[in-house]
Amino acid sequence: METYLKNKKLIALGFLLIHTIAILIFTRGFLLTRTELPFHSTCSDVSLSPCLVSPRPNHDSSSDQSNQTQPKCWTKPIVDRVIIIVLDALRIDFVAPSAFFPEPKPWMDKLTILQKLAFANESSAKIFKAFADPPTTSLQRLKGLTTGGLPTFIDVGNSFGAPAIVEDNFINQLVLNGKRLVMMGDDTWTQLFPNQFQKSYPFPSFNVKDLDTVDNGCIEHLFPTLYKDDWDVLIAHFLGVDHAGHIYGVDSSPMINKLEQYNSVLEKVINILESQAGPGGLHENTMLIVMGDHGQTLNGDHGGGTAEEVETTMFAMSTKKHTTLVPPEFDTSSCKQNTDGKQICISSIEQLDFAATLSALLGISFPFGSIGHVNPELYALGSSSWNLENSDLGNFGTQSAAKEWMKHFVNVLCVNAWQVKRYIDVYSNSSVVGFSSDDMSRISDLYSAAEQNWSNSVKHILMDRNGDEGSTDISALLKEQIAAYLNFFSSVVELARSKWTEFNLNLMITGFGILVISLILQFLAVFHGEKSHVVGSWLSTGAAFTLFIVTIRACSFLSNSYILEEGKVANFLLATTGLIKLRYSVMRKTMRKEAFIFLAMVSVLRVSIDIGLTKQAATSQFMSSSPSWMLGIAPDHPALTYAVEIAPILSVVILICVLYVAILKAPSEGLWKYVTVGSMVSYFFIALLWASESKIFGLDGLLQVTGGRNRIPQTVYVIGLVQLCLLASARMFCAGKDKNWVIRTVALVSACSSPVVLLSGKQGSMLALAYVVAGYCIMRLEGVERKTKSDGQSKFSKLNPLCVVQWSLLSICMFFASGHWCAFDGLRYGAAFVGFDEFVLIRQAILLTIETFGFSIILSVFGLPLLVPIHSQTPQAHGEKRHKLFQMYMLFGVISATTVTATILCVTIQRRHLMVWGLFAPKFVFDVVGLILTDLLICLSSAYYL
């Protein structure tokens, strides 16, 4: 028997390895990054273009002397210094006036200094609505901003440990062109660009509970640096708004306080710039850019592709007071009337264009892989440095400032278009897949048409010394040429966004095939050691309905709508199985109470799923200082407030009583009993922590007595680790004596449950209680179909698949009922810092994994043995029981693997779907991580139980 069980443990390990290999192969084909070319732009490259190598912006003898001494590269530099202030997760309604939105909100109109400057008469400042490309994690946005390329999904996994960027980028070009860089704030910059900054003041960025350390560090170094002349580009990355959103939400006092703080900081920065903006001043020709890297939902989440997440903002200001007006054909302004009746306008910009535009402003070569174009409105702000109205137009004759600006801008776009076309050609030739010949032909035709018009007419106009002749025709030709270039850029970006990722179908099909084969083998392993008549009986009864339920759920993944409602689908199927059990109970006239209670708990979970999924919606009513959504559902009525505060603590007390009853009813053996007592102690500490955080118990000073709010969570973690060590030791040294099934399972599940409940917030204890009740009903109803059968020998040998399906569906419902969903903005990053203030990657990753998959996988896998009925403690019965448990684990693994197989089939079919990166790919990542974790825990459970 021991050899037989040892083989079963190896079978479980084998499926873990097979699934891992299959997923890695498929991932290699599906989540490929675009080919990163090793080439870098240099100043000499532009001589190969058809453009004017030395464009001629004319200056009077006294104007812009600093620019006269700047070295020329691809374009003439038109600003001397750039200050980039990144306010992480800056929503558009944080900056744009409330007049642009349906109704005013408390967080609007807080950055008043930016609005004042942007809407002043003859202002050289402008507010832009900026659009980011998903996924909207900080790493991808910084990478996209600096390279001018589109982000790739695989980089999401690197957001917590950013690797250095090897592609050509804006920062690299600044260094190559001799610019001096200073950085302060988010340490992601120093990870992405090591050894690139002349001075850097990085601060750790992943402690989302800390709203002030990074911001205070920025403020400490920002103001003194503004008075120094030892830099050309300054980058300050603030994180307070992002962290306030993650913890408290947008509609919260900490968020509003942060915005008001930023307004004061920006006002002081602008005052410093304006005080030194006169002729010969340190900031005579400086551009200030205040921008967000992405937006955030009202709940503070980001990472996906919703409008709230991809829409951010940018404020740009030139210290030169004159601004060149952009021709209306290229003006993207959207205007409203404010409360004073004054017309106010904001423009729009793609973050994709940021690297190219700043490269043109500073006169450096564009990043080799940039596919963005120079934004006309942002470029025009810097063009004020030409002082066109007072300049000696010399070779060009007497022309309007707008026409003069168009001459310079069209040459910049010529260089820009040549650079993008060069990259597309090199990429298509160097990449494994590249672009199709039809796509390349269409892009080449657009570029050739624009280049031909450039060479035949526009280039000669720019070189013509008699600029007065045909003034109207010249303006029309310039506008036509600019429009042709912009059409070329938009076509390139559209092509890149639709076909950027190189799917390797061979690897995808191989990974899918291996997973299907493993699914068949795992299904056969369920019947390993069974007699043929038992298999036939099983197939003819329970399997049909089980297969129907699993197939229905798998097929639902082919629709994006059903993926969005996955929790409700699982709850509906769970209710369907509950009705089947109710039917058997009524027919057998037994355990009808358990059947009705189970359906009641399913209804409760459905309500919880609806509330949990509401977190995705644009509401802030479910957010408070607690990471739990449960605190936000009560209105201001005192009775309901008390109920919401007391219910979580009362649930913990009930859980303690449940563990006490389990100890009393199950014969204790060795350390199992004491491990369970340790869980009761942990629950007591959790209740104590929540009571001290509540205002109604008057225990505010308790946290100081116990050593701070981190001491109790750390104590719970330590108790949990000690419990797991004791369980491992007991299993190793009491292998032949541990016949009691229930106490061992209760000990392991209780040891794991206390950290899960703690990390889940105050909702955790109520969810755990619901899980216990529903699980107890499944356990009681497990054999209701066979209650009238007298064949005692078959009670262990015949597997009932429906209870395993119910257990699996229940675990899925718990995932969504706890407020999660399959997207990166559904992760509760705040849970990773429960008990800790410092960021340690491995520790925080473990805590986040426990919080995310605690109820749905960890407790579900370890608690599965509770479904095995106990009829006797004879050696033969114990052996049959272990065999049935192995069958249950294999069937549970089959259900999980079927889910992942369906997800993989879905993303393969939908790989060109509009929502592939916003919906299907995150679903794929969550499911495969869940499968690997499930397989791993099945292996550990096999070693513990079998």
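Note that the coordinates shown come from a computational prediction; the quantities given were computed from them, not determined experimentally. (Residues numbered from 1 in each chain as written. Predicted model: local features only at pLDDT ≥ 70, side-chain atom pairs only at ≥ 80, totals over all residues. Heavy atoms only, no water.)

For the protein, the count of helices and strands is 33 helices and nine strands. Counted over contacts in the protein with a minimum sequence separation of 6, partners at least 24 positions apart contribute 78%. With an accessible surface of roughly 35900 Å², the protein has 60% of that area assigned to carbon and sulfur atoms. (Helix = DSSP H or I, 4+ residues; strand = E, 2+ residues; numbered from the N terminus. Contact = heavy atoms within 4.5 Å. Areas by Shrake-Rupley, 256 points an atom, 1.4 Å probe, with all protein chains shown as cover.)

Following the criterion strictly, the structure yields 23 salt bridges and no others. Among the salt bridges present, the one from Glu 645 reaches Lys 762, with a minimum N-O distance of 3.4 Å. Highlighted residues: Glu 645 in helix H23 (residues 638–665) and Lys 762 in the loop between helix H27 (741–759) and helix H28 (763–781), separated in sequence by 117 residues. Given the relative accessible area of 6%, Lys 762 is considered buried. Between Arg 828 and Glu 851 there is a salt bridge; the shortest N-O distance is 2.8 Å. Remark: Glu 851 occurs in helix H31 (residues 841–863) and Arg 828 occurs in the loop between helix H30 (801–817) and H31; sequence separation between them is 23 residues. Neither Arg 828 nor Glu 851 differs from the other in exposure class; each is buried. Through salt bridges with shared partners, a single ionic network connects Arg 553, Glu 566, Lys 923 and Asp 927. (Salt bridge = Lys/Arg side-chain N within 4 Å of Asp/Glu carboxyl O. Buried < 20%, exposed > 50% of the residue type's maximum accessible area, 1.4 Å probe, protein only.)

Once that is clear, we can look at the confidence of the model for the protein. Mean pLDDT over the protein: 82, with 81% of residues reaching 70 or higher. Here residues 55–71 is a poorly scored stretch, pLDDT under 50, and it has 44 contacts once near neighbours within four places are set aside; other chains count. Low confidence marks residues 385–399, where pLDDT is under 50. Its contacts with residues over four positions away, or in another chain, come to 49 contacts. (pLDDT = per-residue confidence, 0-100.)

A few words now on the state of the cysteines. This model, assessed by the stated rule, comprises three disulfides. Across the disulfide from Cys 43 sits Cys 73; the S-S distance is 2.0 Å. The disulfide joining Cys 43 to Cys 73 has a torsion of about -110° about its S-S bond and is therefore left-handed. In this pair, Cys 43 is assigned in the loop between helix H1 (2–30) and helix H2 (65–68) and Cys 73 in the loop between H2 and strand S1 (81–87), connecting sequence segments 30 residues apart. Its relative accessible area of 6% is what places Cys 73 among the buried residues. (Disulfide = S-S within 2.5 Å.)

Taken together, the side chains of Tyr 642, Ile 646, Leu 650, Val 653, Ile 654, Val 658 and Val 772 present a nonpolar region at the surface, about 540 Å² in accessible area. Examining the composition of the nonpolar patch, we find that six residues originate from one element, H23, more than from any other. Take Val 658: it is sitting in helix H23. On the basis of relative accessibility, which here comes to 34%, the residue Val 658 falls in the partly exposed class. (Patch = residues over 30% accessible without salt bridge, like charges linked within 9 Å, V, L, I, M, F, W, Y side chains within 5 Å.)

By the secondary structure assignment, Thr 849 is in helix H31. On the accessibility criterion, Thr 849 (33% relative accessible area) is partly exposed. A sequence separation of 81 residues divides Thr 849 from Gly 930, and the C-alpha atoms of the two residues are 10.0 Å apart. Other than its neighbours up to four places away in sequence, Thr 849 contacts Gly 854 and Leu 933.

This brings us to the pairing of strand S2 (residues 125–131). Where S2 meets strand S7 (residues 311–318), seven bridges bridge the pair, whose relative direction is antiparallel. Along S7, the bridge assignment pairs Phe 131 with Glu 311. Summarising the sheet, S2 and strand S9 (residues 343–350) pair through four bridges and their orientation is parallel. Bridging across to S9, Phe 131 finds its partner in Glu 350. (Pairing = 2+ DSSP bridges.)

Axis separation between helix H13 (residues 376–383) and helix H14 (residues 401–430) bottoms out at 11 Å; the angle between their running directions is 125°. By the angle between their axes, H13 is oblique relative to H14. Our pair here, H13 against H14, has a crossing hand that is right-handed. Between H13, through Pro 376, Tyr 379, Ala 380 and Ser 383, and H14, the contact on the second element is made entirely by Trp 405, Phe 409 and Val 412. For the contact of H13 with H14, the residue count by class is six nonpolar, one polar and no charged. (Axes fitted to C-alpha atoms, helices over the stretch in contact; angles between N-to-C directions. Parallel < 35°, antiparallel > 145°, perpendicular 65-115°, else oblique. Left-handed = near helix turned anticlockwise from the far one by under 90°. Nonpolar A, V, L, I, M, F, W, Y, C, P; charged D, E, K, R; others polar.)

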